[in-house]
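Descriptive analysis of the structure
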Amino acid sequence: MGKYLQQLRFEIQNTDYKKILNEKEKFNQSICSLIDTLYNFYLPKKVVVGENIWQITVKITSQKDLDEKVDIFGLGYDSYIFYDLENLNSKSLLEHKTLLLNLFHKGILKCLKDDNQNLKIFEEIYNKVLKDKITFDDFYKEKKISPDKNKYAQLKGFLSENYEKKLFLNIIDKTNDEIKSIFIGNYNFQAFDKIYWNDNNTIFVYHINNIQSYKSKKVAEDYYIVNIENGNVTYNPTTKESMFDYGVQLLTETNEYEKAIEYLKLVRNLGHGKVENIFKNLELNPKERDKTILLQTPKKK
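Residues numbered from 1 in each chain as written. Predicted model: local features only at pLDDT ≥ 70, side-chain atom pairs only at ≥ 80, totals over all residues. Heavy atoms only, no water.

Taken in spatial order, the four strands of this open sheet run β1-β2-β4-β3, and their pairing is mixed. Here the strands that pair on one side only, and so sit at the sheet edges, are β1 (7-12) and β3 (70-73). For this sheet, the mean angle separating the axes of adjacent strands, direction not counted, is 20 degrees. Bridge count between β1 and strand β2 (residues 55-61): six bridges; the pairing is parallel. Along β2, the bridge assignment pairs I12 with I60. (Pairing = 2+ DSSP bridges. Helix = DSSP H or I, 4+ residues; strand = E, 2+ residues; numbered from the N terminus. Axes fitted to C-alpha atoms, helices over the stretch in contact; angles between N-to-C directions.)

So, about the sheet that holds strand β11 (residues 220-227). Strand order in the open sheet made by the four strands is β9-β10-β11-β12, with antiparallel pairing throughout. With partners counted over all chains shown, the strands left at the sheet margins are β9 (192-199) and β12 (233-236), one partner each. Geometrically, the sheet is characterised by an average inter-axis angle of 25 degrees between neighbouring strands, direction not taken into account. Sheet topology note: the β11/β12 ladder contains four bridges and is antiparallel. Along β12, the bridge assignment pairs V226 with V233.

This part is about the pattern of salt bridges. Enumeration according to the criterion identifies 14 salt bridges in this entry. A salt bridge links K166 to E164, with the shortest nitrogen-to-oxygen separation between them at 3.2 Å. For K166, a relative accessible area of 28% translates into the label partly exposed. (Salt bridge = Lys/Arg side-chain N within 4 Å of Asp/Glu carboxyl O. Buried < 20%, exposed > 50% of the residue type's maximum accessible area, 1.4 Å probe, protein only.)

Take the environment of Y187 next. Along the chain, the position of Y187 falls in the loop between β8 (178-185) and β9. Under the relative-accessibility criterion, Y187 is labelled partly exposed at 28%. In the structure, Y187 is positioned 60 residues away from N127 in sequence and 26 Å away in space, judged by C-alpha atoms. Residues contacting Y187, with those up to four places away along its chain left out, are K165, K166, L167, F192 and Y224. Separated by 2.8 Å, the side chains of Y187 and Y224 make a polar contact. (Contact = heavy atoms within 4.5 Å. Polar contact = N/O pair within 3.5 Å; in protein donor to acceptor, adjacent residues only side chain to side chain.)

Rendered as structure tokens:
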């Protein structure tokens, strides 16, 4: 039985790894990253391609002799599509994105060959991404009804080629009309997994942990507390690493010193290895707020 396809990648072939990308090249790569993000989001969990293929990488190449070539490396396909990216300069943004989308789709089809079932799946994804103008601006996950059964809550995300990321929590009445939309933050919507009504006016929006569980499954424990009456959003980290990161952020980027120390003390009690350096450096210089210095082991006098 073949291994399920798990990831699609879209990139511009870089034959000189020491070369620093210019702004146009960075922008083209940002569009490629957006496109493969959208494809991976819509990709069904159980798609079998070839023999144990779990990744397809489509590379835009400036080498004509590589056009439409497909290489197999271990568990991955590498598909090459030739295009002179300089020709993109005169196009509108939507034309620009659409052309790159077409190149990506063409590269994927080269890997599928005559697999009619998968061809249909990827045609549907292509049409969906194209219809949405190669931007994500939609609801995801199912609606959750409030304890009093009077309203629903649903997550909505936005993602564009300019790395613009937004996450919203929308409150909807029984007739499916929007009551209000609450901005959670500039986050990739895919990092947020579920919502929970704590009571009729408070919702917890759960963030997927950066570090997975020992079973290699995504776990959502850290959450944002949303008051739907006044729109207030409060971060509530619960895992050791998230509390540490949040404490460091509060200490180095805000004026909330007492709150930062409170979180760092909690993390110290949980045995986080890096927090002792912070307290030692603060003893030497209570006004120190440089993250790099705070995390360093203090020099012995």
